[in-house]
Amino acid sequence: LVLAAWWLLRWSSAYGYFGLAAMCWTLHSIVVLTVDIPVPVLEWEVLTIGSMMWVVVAMMVFALRFAELDRPWLEGAAWGYAVVGPLLLWLGGVSRLSAIGNSLLLMLLAIGAYEFKVLWDVARRRQSVESILLVVAGLIVLALGAHDLLNRRGTFAYAEPFHMHYGVPVLFAAVFWNLLGQVVAGRRAAETLNVALETRVREKTAELERSYAQLRD
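Quick caveat: nothing in here was measured; it's all calculated off a predicted structure.

Each value, and the rule that gives it
- Residues numbered from 1 in each chain as written.
- Predicted model: local features only at pLDDT ≥ 70, side-chain atom pairs only at ≥ 80, totals over all residues.
- Heavy atoms only, no water.
- Salt bridge = Lys/Arg side-chain N within 4 Å of Asp/Glu carboxyl O.
- Helix = DSSP H or I, 4+ residues; strand = E, 2+ residues; numbered from the N terminus.
- Expected span 1.5 Å × (residues − 1).
- Core = buried A, V, L, I, M, F, W, Y, C linked by side-chain atoms within 4.5 Å.
- Buried < 20%, exposed > 50% of the residue type's maximum accessible area, 1.4 Å probe, protein only.
- Contact = heavy atoms within 4.5 Å.

J.: Can you lay out the pattern of salt bridges for me, pointing to particular residues and giving the numbers?
T.: Summed over the entire model, instances satisfying the criterion amount to two salt bridges. With its nearest N and O atoms 3.0 Å apart, the salt bridge here joins Asp121 to Lys117. Taken as a pair, Asp121 and Lys117 lie in helix α5 (residues 97–126) at a separation of four residues, close to a single helical turn.

Below, the structure is given as structure tokens:
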């Protein structure tokens, strides 16, 4: 829905990247929830980690565009990481899959922390309910991501489930709510402008009528 709205209404490019992140998250969810893996484990793990990398990178670019920060070098480096990372996983093979995967996910956590900082700065500047919700959702995802990374590295004594799938939909809902807030604000601004224009038209009409009356006199 956001991709369609972005394409048809020519909204900010930030929402185009948000739509891309949502599509990548759909792919990641399909991969994670699949029971009968149709390809070898190496390729499937590359797709699992790679799709998560694409989600986080797309959301980071969304955060930069949302905050109106011009960081082309940072965006280029992030996309390069999203492309090279899965390739390194594949080249490393099954024997080095865990080590390379954990390193890539650690970098992913750092990108998520930077994204949270960007959203935090936006919330401090705008002080709106929508921006604060984004910060809260980002903090939830960051905490769950740290938990899953520690879980993957075997930190916990007993096998725990991964929780990231509970956090990302919360972040997506916060972004969508922010988008709705902007639509409502735009609608209200347009209504206020229409009222002001109607008032000015009435004033000009009354002024012209007075001028015509003076001319007739």
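J.: Give a description of α5 that names residues and reports values.
T.: Between the first and last C-alpha of α5 there are 43 Å, a value that for 30 residues agrees with the 44 Å anticipated at 1.5 Å per step. Taken from the residues just after α5, Gln127 is the one with a positive phi, measuring 50 degrees.

J.: Describe the nonpolar core, listing the residues and the values that go with them.
T.: Ranked by size, the top nonpolar core spans 51 residues in total, and within it Met59, Phe62 and Phe66 carry the most contacts. Elements with a contribution of two residues or more to this core: α2 (13–33), α3 (41–66), α4 (72–92), α5, α6 (129–152) and α7 (164–216). The biggest single contributor to this core is α3, with 15 residues. Excluding its chain neighbours within four sequence positions, the residues that come into contact with Phe62 are Ala14, Tyr15, Tyr17, Phe18 and Val175.

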